[in-house]
Amino acid sequence: MAQLKNNERIKVLIVEDEVAIMTLLRYNLEKEGFAVITTGNGEEAVNLIKENKPDIVVLDWMLPGMTGVEVCKHVRWNQDIKNTPIIMLSARGEEGDRIRGLDSGADDYMVKPFSPPELIARIHAVFRRIRPSLSEKVLEFSGIFMDLTTRKATRDGVEVHLSPTEFGLLRHLMEHPGRVFTREQLLDSVWGHDIYVEIRTVDVHIRRLRKALNYDGKQPDLVRTVRSAGYALEENPEGKNYINDDSNEDDAA
Ligand code: CA
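Description of the structure in this document. (Residues numbered from 1 in each chain as written. Predicted model: local features only at pLDDT ≥ 70, side-chain atom pairs only at ≥ 80, totals over all residues. Heavy atoms only, no water.)

1. A closer look at the pairing of strand 1 (residues 11-15)
- In terms of burial, strand 1 is a largely internal element, four of the five residues being buried.
- The handedness of the strand 1 to strand 2 (residues 35-39) crossover, carried by helix 1 (residues 19-31), is right-handed.
- Strand direction decides the pairing type here: strand 1 and strand 3 (residues 56-60), joined by four bridges, are parallel. Bridge assignment links Val-15 to a residue of strand 3, and that residue is Leu-59. (Buried < 20%, exposed > 50% of the residue type's maximum accessible area, 1.4 Å probe, protein only. Helix = DSSP H or I, 4+ residues; strand = E, 2+ residues; numbered from the N terminus. Right-handed = clockwise from strand over helix to strand, strands pointing away. Pairing = 2+ DSSP bridges.)

If you want it as structure tokens, here you go:
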């Protein structure tokens, strides 16, 4: 998903005067979850970058008036916006053009025609290279945030301390909120198929996970025990205490 650390969508500015290409890119980037702003004009692009602070710019070389190369240089000279990642697009494909494009300060350079998935892959690659933290996924569920890069989890802004196994367990549940997983399924997904682990081990780690998430004993449980089925991560508006809900769990430790 095209999300920033704070869970906002990645904002892409497309600078392209050819309406058909602009429409195609906008459609595909929006479908991928990006927030898209557009212009077909170089001067306006510079203003939009200053005002809207896009996270990345997809910039066509050939524009009426100010060219993409000039826009790129402008951005790099401007202290406030100089770190904005830029992917330059061009109908030209010669090596000299590629070098000129990158020399002007672009982070990547793509020759038309290209497929939208290729552009999306390049956008993610630029983020990984330039701003590693931006391209990484952050999971959120009911006040719990998991940063998969730093492997830190918080609940209502307070850091939750989890062992690697509990982190993996919570991650799996947060990737599929509301879905009930059997203990076997959790073992397979979190521990892996190849390891033999006793099935009740899951209960032990679920209990530890609950305790970690309920660090001051006041939060509603979000890990629900579904009797004779398994576990699910669910919103808990009534603040029901699921911990006492599963008496058959206690002999597992
Ligand atoms: Ca053009």
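2. Details of the packing of helix 7 (residues 164-175) against helix 8 (residues 183-191)
- One can describe the packing of helix 7 onto helix 8 by two numbers: an axis separation of 9 Å at closest approach and a directional angle of 115 degrees. What the angle tells us is that helix 7 and helix 8 run roughly perpendicular. Note on packing geometry: the crossing formed by helix 7 with helix 8 is right-handed. Where helix 7 abuts helix 8, its residues Thr-165, Gly-168, Leu-169, His-172 and Leu-173 lie against Leu-186, Ser-189, Val-190 and Trp-191.
- When its residues are assigned to classes, the contact of helix 7 with helix 8 shows five nonpolar, four polar and no charged. (Axes fitted to C-alpha atoms, helices over the stretch in contact; angles between N-to-C directions. Parallel < 35°, antiparallel > 145°, perpendicular 65-115°, else oblique. Left-handed = near helix turned anticlockwise from the far one by under 90°. Contact = heavy atoms within 4.5 Å. Nonpolar A, V, L, I, M, F, W, Y, C, P; charged D, E, K, R; others polar.)

3. Looking at the coordination of the calcium ion
- Taken together, Glu-16 (OE), Asp-17 (OD), Glu-18 (OE), Asp-60 (OD) and Met-62 (O) make up the protein donors of the calcium ion, found 2.1 to 3.2 Å from the metal.
- The sequence pattern formed by the donor residues of the calcium ion is E-D-E-x41-D-x1-M. Linking Asp-17 in the loop between strand 1 and helix 1 with Met-62 in the loop between strand 3 and helix 3 (68-77), this pair joins segments that are 45 residues apart in sequence. (Donors = N, O, S within 2.8 Å, 3.2 Å for Na, K, Ca; no water.)

4. Quick word on the environment of Gly-101
- When you line up the elements, Gly-101 lands in helix 4 (residues 95-103).
- For Gly-101, a relative accessible area of 0% puts it in the buried group.
- Through-space distance from the C-alpha of Gly-101 to that of Ser-90 is 8.8 Å; in sequence the pair is eleven residues apart.
- Excluding its chain neighbours within four sequence positions, the residues that come into contact with Gly-101 are Trp-61, Met-88, Ala-106 and Tyr-109.

5. Some remarks on the nonpolar core
- If you look at the biggest cluster of nonpolar residues, it comprises 27 residues, and the most contacted ones within it are Met-146, Leu-162, Leu-170, Leu-173, Met-174, Leu-209 and Val-223.
- Elements that contribute at least two residues to this core include exactly strand 6 (138-141), strand 7 (144-147), helix 7, helix 8, helix 9 (201-213) and strand 11 (230-233).
- Core analysis: the next-biggest nonpolar cluster, separate from the first, contains 20 residues, Val-46, Val-57, Trp-61 and Leu-63 among them. (Core = buried A, V, L, I, M, F, W, Y, C linked by side-chain atoms within 4.5 Å.)

6. Examining the pattern of salt bridges
- Inspection of the entire model under this criterion finds eleven salt bridges.
- Note that Arg-76 is salt-bridged to Asp-107, the shortest N-O span being 3.0 Å. Of the two residues, Arg-76 is situated in helix 3 and Asp-107 in the loop between helix 4 and strand 5 (108-111); the sequence distance between them amounts to 31 residues.
- Overall, the relative accessible area of 24% leaves Asp-107 in the partly exposed class.
- Of the charged contacts, one joins Glu-234 and Arg-224 as a salt bridge, the two residues approaching to 3.2 Å between their closest N and O atoms. With Glu-234 in the segment after strand 11 and Arg-224 in strand 10 (residues 223-226), this residue pair connects regions lying ten residues apart in the sequence.
- Accessibility expressed as a relative area gives 28% for Arg-224, which makes it partly exposed. (Salt bridge = Lys/Arg side-chain N within 4 Å of Asp/Glu carboxyl O.)

7. What about the packing of aromatic side chains?
- Tallied over the full model, the rule gives one aromatic pair.
- Plain terms: the ring middles of Trp-61 and Tyr-109 are 6.2 Å apart, the flat faces sit at 80 degrees to each other, and that makes the pair edge-to-face. With a gap of 48 residues between them, Trp-61 in the loop between strand 3 and helix 3 and Tyr-109 in strand 5 connect regions that are remote in the sequence. Per residue, the accessibility class of Trp-61 equals that of Tyr-109, and both read buried. (Phe/Tyr/Trp six-rings, centres within 6.5 Å; stacked < 30°, edge-to-face > 60°.)

As far as function goes, none of this settles anything; it's purely spatial.
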